[in-house]
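# Topology and contacts: notes
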Amino acid sequence: MIKKLKEEGILLVWDRLKEQEPQCGYCSLGLSCRNCAMGPCRIDPFGEGPQKGVCGADADVIVARNLARAVASGAASHSDHGRDLVEVLARVGKVKAYSVKDAEKLKKVAQEYGINTNKSVEEIAFELAEAMLEDFGSKKEKIQFVNRAPKKRIELWEKLGIIPRGIDREVVEIMHRTHMGVDNDPVNILLQCLRTALADGFGGSMIATEVSDILFGTPEPKMSEINLATLKENEVNIVLHGHNPIVSDAIVEAASDEELLKLAKEYGAEGINLAGLCCTGNEVLMRKGIPMAGNHLIQELVIGTGVVDVIVVDYQCIMPAIVDVAKCYHTEVVTTSPKAKFKGAIHIEFTPENAHEKAKEVVKLAIERFRERKAELVKIPNVKPNKLMTGFSVEAILKVLGGTLQPLIDAIKNGSIRGVVGSVGCNNPKVKQDYSHITLAKRLIENDVLVVDTGCAAVADAKAGLKVPEAAELAGEELRKVCESLGIPPVLHFGSCVDNSRILVALSALANELGVDISDLPAAGAAMEWYSEKAIAIGAYFVASGLLVVLGVPPPIYGSKLVLDVLTSKVEELTGGKFVVEPDPEKAAEIIIKHIEDKRRKLGI
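## Things to note about the overall build of the protein chain
A count of helices and strands for the protein chain gives 24 helices and 16 strands. Taken against the 2.2 N^0.38 rule, which gives 25 Å for 605 residues, the C-alpha radius of gyration of the protein chain at 24 Å falls within 12% of a compact globule. When the 605 residues of the protein chain are sorted by exposure, 61% land in the buried category. Restricting to contacts in the protein chain with at least 6 residues of sequence separation, those with at least 24 account for 75%.

## Remarks on the state of the cysteines
Under the criterion given, the structure shown has zero disulfides. Of the cysteine sulfurs around C36, a residue in no disulfide, the closest is that of C55, at 6.2 Å. The partly exposed category is assigned to C36, whose relative accessible area is 29%.

## As for the nonpolar core
Core analysis: the biggest nonpolar cluster contains 173 residues, and I238, I251 and I592 have the highest contact counts within it. Broken down by element, the residue count for this core peaks at 15 residues, all from helix α4 (residues 59–89). Excluding anything up to four places from it in sequence, I251 contacts I238, L240, L274, F350, A359, V362 and V363. Residues L5, I298, V313 and M319 belong to the second largest nonpolar core, which totals 35 residues.

## A closer look at the pattern of salt bridges
Within the structure shown, the criterion is met by 43 salt bridges. Within this structure, K105, E112, R148, E210, D213, E283, R287, E395, D499 and R502 form a network of salt bridges that share partners.

## Quick word on helix α19 (residues 455–463)
Within an α-helix, residues lying three or four positions from one another point in the same direction, as the helix has 3.6 residues per turn. Of all nine residues in α19, eight are buried, a share of seventy percent or more. Residues of α19 that are buried include every one of G455, C456, A457, A458, V459, A460, D461 and A462, and no others. Positive phi appears at G465, one or two residues downstream of α19, with a value of about 80°.

## Quick word on the packing of aromatic side chains
Scanning the entire structure with this criterion turns up four aromatic pairs. Ring geometry for Y541 against F542: centres 5.4 Å apart, planes inclined by 80°, an arrangement best described as edge-to-face. Classification of Y541 by relative accessible area gives buried; the value is 0%. Accessibility expressed as a relative area gives 2% for F542, which makes it buried. Stacked on the ring of F145, the Lys or Arg R148 has its end atom at 4.0 Å from the ring centre.

## Observations regarding helix α23 (residues 561–575)
For α23, with 15 residues, the first-to-last C-alpha span of 20 Å sits near the 21 Å given by 1.5 Å per residue. Considering bend angle alone, the principal kink of α23 is centred on L567 and spans about 50°. Buried residues belonging to α23 abut α4, α7 (151–160), α9 (186–216), α22 (533–544) and β16 (578–581).

## Quick notes on the sheet that holds β16
Strand pairing within a sheet occurs via backbone hydrogen bonds; the two strands may be parallel or antiparallel. Pairing in this open sheet of six strands is parallel, and the strands run β13-β12-β11-β14-β15-β16 from one edge to the other. For this open sheet the edge positions go to β13 (491–495) and β16, each flanked by a neighbour on one side alone. Across the sheet, the axes of successive neighbouring strands diverge by a mean angle of 25°, strand direction being ignored. As paired strands, strand β15 (residues 548–551) and β16 are joined by four bridges and run parallel to one another. Paired with V550 across the strands is V580, a residue of β16. On the sheet, α22 packs against β14 (523–527), β15 and β16 and is oriented at approximately 130° with respect to β16.

## Details of the side chain of K599
Tracing the backbone shows K599 in helix α24 (residues 585–603). In this structure, K599 is buried with no salt-bridge partner, the nearest side chain bearing the opposite charge being E572 at 5.4 Å. Polar side-chain contacts of K599 include one of 2.8 Å to the backbone oxygen of S519. Apart from residues no more than four positions distant in its own chain, K599 is found in contact with S519, D520, L521 and P522.

## Regarding unusual backbone geometry
Cis geometry is found at the peptide bond from E21 to P22, where omega equals 0°. Within the fold, P22 resides in the loop between α2 (13–20) and α3 (25–29). Phi at N227 takes a positive value of approximately 120°, unusual for a residue other than glycine. Note on placement: N227 falls in the loop between β3 (222–226) and β4 (236–241).

## Digging into the packing of α4 against α9
Packing of α4 against α9 leaves a shortest axis separation of 8 Å and a crossing angle of 20°. Comparing their axes, α9 and α4 come out roughly parallel. The hand of the α4/α9 crossing is left-handed. Residue composition of the contact of α4 with α9, grouped by class: 23 nonpolar, nine polar and three charged.

## Here we look at the pairing of β4
By the criterion of burial, β4 is predominantly enclosed, with six of the six residues buried. Judged by which residues are buried, β4 turns out to be covered on both faces: V236, I238 and L240 on one side and N237, V239 and H241 on the other are all buried. Direction of pairing for β4 relative to strand β5 (residues 272–277): parallel, over a ladder of five bridges. Looking at β5, one finds that V239 is bridged to A275. Looking at chain direction, β4 and strand β7 (residues 310–313) are connected through four bridges and run parallel.

The rules behind each value
Residues numbered from 1 in each chain as written. Predicted model: local features only at pLDDT ≥ 70, side-chain atom pairs only at ≥ 80, totals over all residues. Heavy atoms only, no water. Helix = DSSP H or I, 4+ residues; strand = E, 2+ residues; numbered from the N terminus. Rg over C-alpha atoms; globule rule 2.2 N^0.38 Å. Buried < 20%, exposed > 50% of the residue type's maximum accessible area, 1.4 Å probe, protein only. Contact = heavy atoms within 4.5 Å. Disulfide = S-S within 2.5 Å. Core = buried A, V, L, I, M, F, W, Y, C linked by side-chain atoms within 4.5 Å. Salt bridge = Lys/Arg side-chain N within 4 Å of Asp/Glu carboxyl O. Phe/Tyr/Trp six-rings, centres within 6.5 Å; stacked < 30°, edge-to-face > 60°. Lys NZ or Arg CZ within 6 Å of the ring centre and 35° of its normal. Expected span 1.5 Å × (residues − 1). Bend = angle between axes of the 7 residues up to and from the residue. Pairing = 2+ DSSP bridges. Axes fitted to C-alpha atoms, helices over the stretch in contact; angles between N-to-C directions. Lys, Arg positive; Asp, Glu negative; His and termini not counted. Polar contact = N/O pair within 3.5 Å; in protein donor to acceptor, adjacent residues only side chain to side chain. Parallel < 35°, antiparallel > 145°, perpendicular 65-115°, else oblique. Left-handed = near helix turned anticlockwise from the far one by under 90°. Nonpolar A, V, L, I, M, F, W, Y, C, P; charged D, E, K, R; others polar.

Below, the structure is given as structure tokens:
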């Protein structure tokens, strides 16, 4: 597909990266600052030029401030996504497009918030939404879902002063602290990074996951398909891209409308086909089994097949370049959120009140664009879609295990499962696409380490065939036996990037059952191809929770020896977790396996 688009004269993400090279060394090291109009400033990493900015900030302060702003941005992205879902939850019973699909989970979560559940579903949903909205402000001493963490972990966070008090509050406080002339202690800034990241992991992201389950259904295991061959030449193709399932859920329903299906056939199409991209794709894949076209770096290539009639987006990780690529074909890019408009795209704004109507409008637009396809530009890779098993929510895993974590605990204790690793994050054009995700997953399962994955990492592993029960053959002998006995793959799909909160829930439950802290577990995290500020926030809340996190792409902190030393070493003395930077997935696997074996020895198992 890359060759095809290049022959058609289309610049792709890899071409644009090449045009940007060599990229700014000061920025790559975190040593540039443009926080005020006395700058921009930069620090000479070789010690020959300026060592302080105009305000007097040195390399340590500037690097810490830049990292903090990235964490704030990542946490804000996940959390604003969560808030949008809560606002829909508050309207249940007042709008036709959305209802509660998992009333049992609604009641369970409401009870965590202390809400009386002896009332109608609509009343509970409204009260829960109101209570969750309070988590975004600063009315409490701590956000509600922090209480899901083990007691030892909560006490540790209290001791360190990093319990998140409110989701918005922590993000705002980072922006305040990093304004010129406020917090000039780099370690103090880094602690606020951890606090803000926890407000994401145990706050915004966890709320997004739980409310999505309540509104759209808690995922259960199911089979589906993945790769570009999920697009169909003889059908209307609508690609669902972004992160929030509010729009995509309405589109899925509209695509089965009898009148629209009839119209599609009148226009010469055999049907209406939906395919997902990135985390919106993960959302509809996990709950509805909608096939997945691909992950982050595929988004331009999807349009290049020439068969995408509409690509409908919500927000996050959507390259502005897709509008330019779409102009070379008949494809329409449709934006749906007032927060995420794209120059050159059609904007059809979705609200909870108009979602049904607007979803039909989008599907009808796709049907009309189907007739405008240019046959000479059509090319779908001549391969079969890969099969995958998806839908592993924490609830689904408990169901597979017979309603208790004990079989998993027994398997970890007897060594059938040596440990558990969360492989998360993005694609980055600086890394050979999917290679690091797939290589790491293969090496871990070969060594009897169970992998749970989310986001683009999950899509990469699925494209490589690691998400079917038959992939158990690739696992070590003991893990293979476990997978075969349960009929599951050795790499479990946990969902989208906000669903990394499922990993926190699962590890907290496991630690509570064992009577230990999360940092004691034989577990780790990895983000081998990360690019996004959201990934920095995810890595930071994993570290704050006590996990080793391996990054495959160096973060912009190498301009400060102090910041680098804190995040890769000294933070372990505080939280039990730390970052390791290792671009080679083979070496990353060795580091993680050694870490897991060390934890097992300390647990005496």
